[in-house]
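# Architecture at a glance
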Amino acid sequence: MLQGAFDKFYLNNHPDGKPPVIFVKGILLLYLGLLIQTLNNYLDGFNFSAILFVFFAVGFLVFVTGEGKKWARIILSILILLNVFFLGSSLLYSFGILHDSGVPKKAVQMPVYLIVLTFAEIIVELWGWALMFTKQADWWFERKNN
């Protein structure tokens, strides 16, 4: 079932040829990370228009990265690393490891489901990001783009 959906993914039918499977999996993981981030932002009470803006802006960057544009890969890399840094620091604050004042905060301030979603988002984004920089994926970014 998943293999059929994977085979119909637009990158597997790209007019410039078929990119490496590991790269396609990385792009799919970035799309999954985007969905987890959107759900996480919604459950955390973000403004709906901000959620839509982030969803479409990052979705566009993931799409253009899938097309093999180096500039999009660089911008997406910066955004992923910033996102992981801020998510990680919010988790550390939530667990009371980091705190603003001399008085430690209570142990867990985030609901458990947000902690799980945040960990899942960090893992999926870093995994997908790492797959974009494999040797097999490099030729996709080096090919001549029309």
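Keep in mind the model is a prediction, meaning the values are calculated, not measured.

Calculation criteria
Residues numbered from 1 in each chain as written. Predicted model: local features only at pLDDT ≥ 70, side-chain atom pairs only at ≥ 80, totals over all residues. Heavy atoms only, no water. Helix = DSSP H or I, 4+ residues; strand = E, 2+ residues; numbered from the N terminus. Buried < 20%, exposed > 50% of the residue type's maximum accessible area, 1.4 Å probe, protein only. Contact = heavy atoms within 4.5 Å. Areas by Shrake-Rupley, 256 points an atom, 1.4 Å probe, with all protein chains shown as cover.

## Considering the overall build of the chain
Scanning the chain from terminus to terminus reveals six helices and zero strands. Scanning the chain from its N terminus toward the C terminus, one meets helices and strands in the order α-α-α-α-α-α. For the chain, the proportion of its 146 residues judged to be buried stands at 40%. Long-range contacts, defined as pairs at least 24 residues apart, comprise 64% of the intrachain contacts of the chain with a sequence gap of at least 6. When the accessible surface of the chain is split by element, carbon and sulfur atoms take 72% of a total near 8800 Å².

## Some thoughts on the environment of Val-21
Inspection of the secondary structure puts Val-21 in helix 2 (residues 21-43). Val-21 gets classed as partly exposed once you look at its relative accessible area, which sits at 40%. Sequence-wise, Val-21 and Leu-11 are 10 residues apart; in three dimensions their C-alpha atoms are separated by 9.5 Å.

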